[in-house]
Amino acid sequence: MQSHVSPVPVSPHPFAELVQLGDEIAVLSAHLDAATARLLDLIREFDARGGWNSGFCSCAAWLSWRVGLDLGAARERVRVARALGTLPLLAQALARGELSYAKVRALTRVATPETEARLLGVGRAGTAAHVERIVRGWRYVDRRAEAREAAHRHRSRGLRVYPDADGMVVVRGRLEPEVGALFMQALAAARETLYQRARGRDGNVAVGHGNVSAETPPSMAQKQADALALLAETALHHELDPGAPGERYQVVVHVDAPALAETDQPAQSVLDGGTRVSADTSRRLACDASRVVMRHDEDGRVVEIGARTRTIPPALRRALHARDRGCRFPGCGLPFGQGHHLRHWAHGGPTTLSNLAMLCRKHHRAVHEEGFQVARGPDGALQFRRPNGHPLPEVPTPAAVPGDPIGTIRQCHDEQGLRIHARTACPTWLGESLNVGYAIDVLHPLAQRARPACIAAPSARE
Ligand SMILES: [Zn+2]
Ligand SMILES: [Zn+2]
């Protein structure tokens, strides 16, 4: 690429020149901040409209892949972009080049629509270091308030189980948010299992006898009660052991005896894990699971049950992990995952390193159930395709950059009527020492409320 840096000439007036150089740095920085505001607007819209949801885990993962930001910086951009959606004053100050991105990034960690105007004042008055210190103090007050609330919530947790007059058992309780989320998730999973079981049963009845169950469908509350029973049974059955992740699924392969000789017949294998899932899902679960082969005779009776094996033996899994180092889906990079058979073993694909690729759970699902495709090219590299068949490259094609990107930004800003000069982003601070405690007391709504009105702050200088 062509360089536009011009050499600094040696002159008899180095001081004046350095001032000019400093001004140029300040002007260009303000232009970049103004351009960053536009960038954040675009990111916010792209995020809200789900533009990244084409196989990427998040907007940050997409940004990291598309524009080459490291993942931490990408997450921060998305966070700031989202926050600025509800903080118009800070957004406008950034867009005018008056507040640097660093200051806006710090302020958006604590600002709310109610406190935004005050924090904008802090951003305008202080240097980036001042802003950082005030935000830290502010978060401390926030955290203390939060901790008080969390401690209160924690103390108020409880679960009471007692028999009612008619012998039924009453369950009543308050759970902390994360425990509650876990509980609701477990209930939902148990409801789903019961639903699938019932559907399998009703389906069989309908097929066999041509009628449907006449029983009234259970209410949501009844379903929840049944789900809780299943949860309790399951927990006791597993001796309250949450279990190792690799042992989650056991796939039973039913094989018809006459077809057994032709081992690469795709239709001979039926997967059955107790719950009925789509063929795509069962193929995904079977990709990396425990496997038990059952042989049937012509009448469907089981004549032989094989030993339980892993579809991907532990040694091969270690080799796969060492080679792929996590999910291979472009832009993902999660450090753990499941082994995916590029050509499924049920279709005769071998369980060898060259036929395996590591994918995280989300991307394994994307490949089996959402139409994404992955294959190994003639050169041995993995080739991913979107559901529409378009390739999904490991690295995207670079964006076209104008020959003079800085000139282009300035011209854009001129056309928008933006007047940026060397003092646009200058803090109004005049060199006094910063009393963070006093500043927080004055600015933070909770600190204000906690502070008796009569306390004076003689040391304060603003
Ligand atoms: Zn798979
Ligand atoms: Zn992934």
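Reading the values: rules and limits
Residues numbered from 1 in each chain as written. Chains lettered and ligands numbered in written order. Predicted model: local features only at pLDDT ≥ 70, side-chain atom pairs only at ≥ 80, totals over all residues. Core = buried A, V, L, I, M, F, W, Y, C linked by C-beta atoms within 7 Å. Buried ≥ 20, exposed ≤ 12 C-beta atoms within 10 Å, placed from the backbone. Domains from an automatic or database assignment. Contact = placed C-beta atoms within 7 Å. Pairing = 2+ DSSP bridges. Helix = DSSP H or I, 4+ residues; strand = E, 2+ residues; numbered from the N terminus. Axes fitted to C-alpha atoms, helices over the stretch in contact; angles between N-to-C directions. Parallel < 35°, antiparallel > 145°, perpendicular 65-115°, else oblique. Nonpolar A, V, L, I, M, F, W, Y, C, P; charged D, E, K, R; others polar. Left-handed = near helix turned anticlockwise from the far one by under 90°. pLDDT = per-residue confidence, 0-100.

A short note on the nonpolar core
Formed by 59 residues in total, the largest nonpolar core has its most connected members in Leu-84, Leu-90, Leu-94 and Leu-107. Lining this core are residues from two domains, each supplying at least three of them: domain 1 (14–150 + 404–443) and domain 3 (314–392). Excluding anything up to four places from it in sequence, Leu-94 contacts Asp-33, Thr-36, Ala-37, Leu-99, Tyr-101 and Val-104. Counting residues in hydrophobic clusters, the runner-up holds 5 residues, among them Leu-285, Cys-287, Ala-289 and Ala-346.

Section: the pairing of strand S10 (residues 373–376)
Pairing of S10 with strand S11 (residues 382–385) involves 4 bridges; the strand directions are antiparallel. Paired with Arg-376 across the strands is Leu-382, a residue of S11. Where S10 hands over to S11, the hairpin turn is made up of 5 residues, of which Gly-380 adopts a positive phi near 90°.

What about helix H12 (residues 361–369)?
Along H12, the residues classified as buried are His-363, His-364, Ala-366, Val-367 and His-368. Looking at the residues trailing H12, positive phi occurs at Gly-371, about 90°.

Notes on the packing of helix H1 (residues 14–48) against helix H4 (residues 88–95)
Two elements in contact, H1 and H4, have axes whose closest approach is 7 Å; the angle formed by their N-to-C orientations is 135°. Put simply, H1 runs oblique to H4. Contact with H1, carried on its side by Asp-33, Ala-34, Thr-36 and Ala-37, involves Ala-91, Leu-94 and Ala-95 of H4 and no other residues of that element. In terms of residue class, the contact of H1 with H4 is built from 5 nonpolar, 1 polar and 1 charged.

Observations concerning the packing of helix H2 (residues 59–67) against helix H3 (residues 71–84)
At a closest axis distance of 8 Å, the pairing of H2 and H3 adopts a crossing angle of 125°. Comparing their axes, H3 and H2 come out oblique. Crossing handedness for the pair H2 and H3: right-handed. Every residue of H3 that contacts H2 at Cys-59, Ala-60, Leu-63 and Ser-64 is listed here: Leu-71, Ala-74, Arg-75, Arg-77 and Val-78.

Thoughts on the environment of Thr-193
Within the secondary structure layout, Thr-193 lies in helix H8 (residues 177–209). For Thr-193 and Leu-230, which are 37 residues apart along the polypeptide, the C-alpha to C-alpha distance reads 9.1 Å.

Things to note about unusual backbone geometry
Even without being a glycine, Arg-325 presents a positive backbone phi close to 50°. Turning to its location among the elements, Arg-325 is positioned in the loop between helix H11 (314–324) and strand S8 (338–341). With 13 C-beta atoms packed within 10 Å, Arg-325 lands in the partly exposed category.

Some thoughts on the environment of Tyr-101
With respect to the helices and strands, the residue Tyr-101 is situated in helix H5 (residues 101–107). Taking the C-alpha atoms as reference, Tyr-101 lies 8.8 Å from Ala-34; in sequence the two are 67 residues apart.

What to know about the confidence of the model for the protein chain
A low pLDDT score tells you not to read the predicted coordinates there in detail. Looking at the protein chain as a whole, its pLDDT mean stands at 80, while 81% of the residues score no less than 70. For the protein chain, per-element mean pLDDT is lowest for strand S4 (residues 270–272), which scores 45, and highest for H5, which scores 96. Contacts of residues 243–248 to residues separated by more than four positions or lying in other chains number 3 contacts, the stretch itself having pLDDT below 50. Here residues 256–276 is modelled with pLDDT under 50, and outside its nearest four sequence neighbours on either side it reaches 34 contacts, counting other chains as well.

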